[in-house]
Amino acid sequence: MPNLPNYSRRQILTATGLSAGSAGLGLLPGSLVAAEPVDEKSRGLRNPWIYHFKIGDIDAWSISDGHMKFRQGLKLMYPESERDAMAELLKQQSEPLDYIPLYINVLVIKKGKEVAVFDAGFGGEENSWKGWFHAGLKKIGIKPDEVTATFLSHGHVDHIQGFVADGKPAFKNAALYVTPEEFNFWRAKNPDFSLTKRNPKSIPGMVAQAREALEILSPNKQLTKVGSSLLGGAVTIENGFGHTPGHALYRIKSGDDELLHIVDLVHHHLLMFQDPHWSIGLDNIPKLAVETRKKVFAQAAAQQTRTYGFHLPFPGLGHVGKQGAGYQWIPERLTWD
């Protein structure tokens, strides 16, 4: 655990929802820990968590929902035979070995009267290390009732729970677009986790949490197939299958500009780019996740596509570049309006 002198373990689990949240990520309680907390008195001095940019004529924001740590470190990465090589890469780049950072970046776009949210983070009450998204939405002047479209890439807790508030849809006027493969997977009597590296003891809690959220959101759902074009052609659903059976990617276009949202195709800015075969134990269908990653990386690098990642270092914007037999993440230089 990080040094948290003012918090008991029970308080941390309660405040962050980790007893449920860890299960929602397919982890055992305590395997996901908060980043170092910020003194609540200095909340007004919080590091930047909202970043505005443009996609052609579309206004876009990356809003951080927080930052946590997978304390298993490389024990969460596969194949096991490659962990020494992974460790050497991290050492070369002065990256920590005792945890994998977990960034939570929520993409919001505004096109005319349309306001869209792509996944919504952990939700719940805001604290010093998570739950910042709804505060960020308020900061940029968007009210929940003004959101017209929501996109759920997959049913993991850090993506779906922010769409629910007090047992109701957080964005009551917005359609929820989700692939039929993803929706049906979580609603199945016995979802298939036979290929995942997750701890099997954590799976029942993860499934229960996803089902509960989907039940609440069901009246708003619009089952949307890969290839569907929405918001007047601004958003296209693409195949990101593997991390979950119906994991969606999103291509957002305006004029000659575009942004590819790769969501959970990667969970680390070095490891999965250096070698796309390296994968995280959270993937539901590991081999398919690798094949999808290889295909998307190759296309994005060849076309120099501007890219956005849900778990890449904030604000999650950059490009995929070719590097030897693998790739590299090239973060975008930040600009200020």
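Since the structure is predicted, the reported quantities are computational estimates derived from the model, not experimental observations. (Residues numbered from 1 in each chain as written. Predicted model: local features only at pLDDT ≥ 70, side-chain atom pairs only at ≥ 80, totals over all residues. Heavy atoms only, no water.)

1. Notes on the nonpolar core
V108, I109 and F151 are the most contacted members of the largest nonpolar core, which has 94 residues in total. Discounting chain neighbours no more than four positions away, the residues touching F151 are A116, V117, F118, D119, F163, Y177, L230, L231, V235, I237 and Y250. (Core = buried A, V, L, I, M, F, W, Y, C linked by side-chain atoms within 4.5 Å. Buried < 20%, exposed > 50% of the residue type's maximum accessible area, 1.4 Å probe, protein only. Contact = heavy atoms within 4.5 Å.)

2. With respect to the sheet that holds strand β12 (residues 229–230)
Spatial ordering of the open sheet is given by β12-β13-β14-β15-β17-β18-β19, a layout of seven strands whose pairing is mixed. If you trace the sheet from one side to the other, it starts and ends with β12 and β19 (326–331), each paired once. Here five bridges tie strand β13 (residues 235–239) to strand β14 (residues 248–254), and the two strands are oriented antiparallel to one another. Paired with V235 across the two strands is I252, which belongs to β14. Across the face of the sheet, helix α9 (residues 286–303) comes into contact with β13, β14, β15 (257–263), β17 (306–309), β18 (317–323) and β19 while running at roughly 95° to β18. (Pairing = 2+ DSSP bridges. Helix = DSSP H or I, 4+ residues; strand = E, 2+ residues; numbered from the N terminus. Axes fitted to C-alpha atoms, helices over the stretch in contact; angles between N-to-C directions.)

3. A look at the packing of helix α6 (residues 180–187) against helix α7 (residues 203–217)
Direction vectors running N to C along α6 and α7 enclose 120°, while the axes themselves pass 9 Å from each other. The pairing of α6 with α7 is recorded here as oblique in orientation. Our pair here, α6 against α7, has a crossing hand that is left-handed. For the pair α6 and α7, the contacting residues are F183, W186 and R187 in the first and M206, V207, A210, R211, L214 and E215 in the second. Here the contact of α6 with α7 is built from residues that sort into six nonpolar, no polar and three charged. (Parallel < 35°, antiparallel > 145°, perpendicular 65-115°, else oblique. Left-handed = near helix turned anticlockwise from the far one by under 90°. Nonpolar A, V, L, I, M, F, W, Y, C, P; charged D, E, K, R; others polar.)

4. Concerning the side chain of D158
The residue D158 is located in helix α5 (residues 157–160) in this model. R198 is the oppositely charged side chain nearest to the buried, salt-bridge-free D158, at an N-O distance of 7.7 Å. A polar atom in the side chain of D158 sits 3.3 Å from the side chain of H311. (Lys, Arg positive; Asp, Glu negative; His and termini not counted. Salt bridge = Lys/Arg side-chain N within 4 Å of Asp/Glu carboxyl O. Polar contact = N/O pair within 3.5 Å; in protein donor to acceptor, adjacent residues only side chain to side chain.)

5. Points about the confidence of the model for the protein chain
Overall, the predicted model of the protein chain reaches an average pLDDT of 89, with 86% of residues at or above 70. Counting interchain partners and residues more than four positions distant, the pLDDT-below-50 stretch residues 1–20 has 36 contacts. Note on residues 38–43: pLDDT is under 50 here. Beyond four places in sequence and across chains, it has five contacts. (pLDDT = per-residue confidence, 0-100.)

6. Points about unusual backbone geometry
Residue P79 follows Y78 across a cis peptide bond; omega there is 5°. Secondary-structure assignment places P79 in the loop between β4 (77–78) and α3 (83–92). P315 follows F314 through a cis peptide bond whose omega is 5°. For P315, the location among the structural elements is in the loop between β17 and β18. A positive phi angle, close to 55°, is found at S94, a residue other than glycine. With respect to the helices, strands and loops of the structure, S94 is situated in the loop between α3 and β5 (100–111). For S94, a relative accessible area of 68% translates into the label exposed. Although it is not a glycine, V263 adopts a positive phi angle of roughly 50°. The topology assignment puts V263 in strand β15. Classification of V263 by relative accessible area gives buried; the value is 0%.

7. Examining α6
Restricting attention to buried positions, one finds in α6 the residues P180, E182, F183, F185 and W186. Its buried side turned inward, α6 meets β10 (175–178), α7 and β11 (221–223).

8. Let's talk about the pairing of β10
Of the two faces of β10, the one carrying A175 and Y177 and the one carrying L176 and V178 are both buried. As defined by bridge partners, strand β7 (residues 149–151) adjoins β10 across three bridges and the pair is classed as parallel. Across the sheet, A149 pairs through a bridge with A175, a residue of β10. When β10 meets β11, the two strands line up parallel, connected through three bridges. By the bridge assignment for β11, Y177 is matched with Q222.

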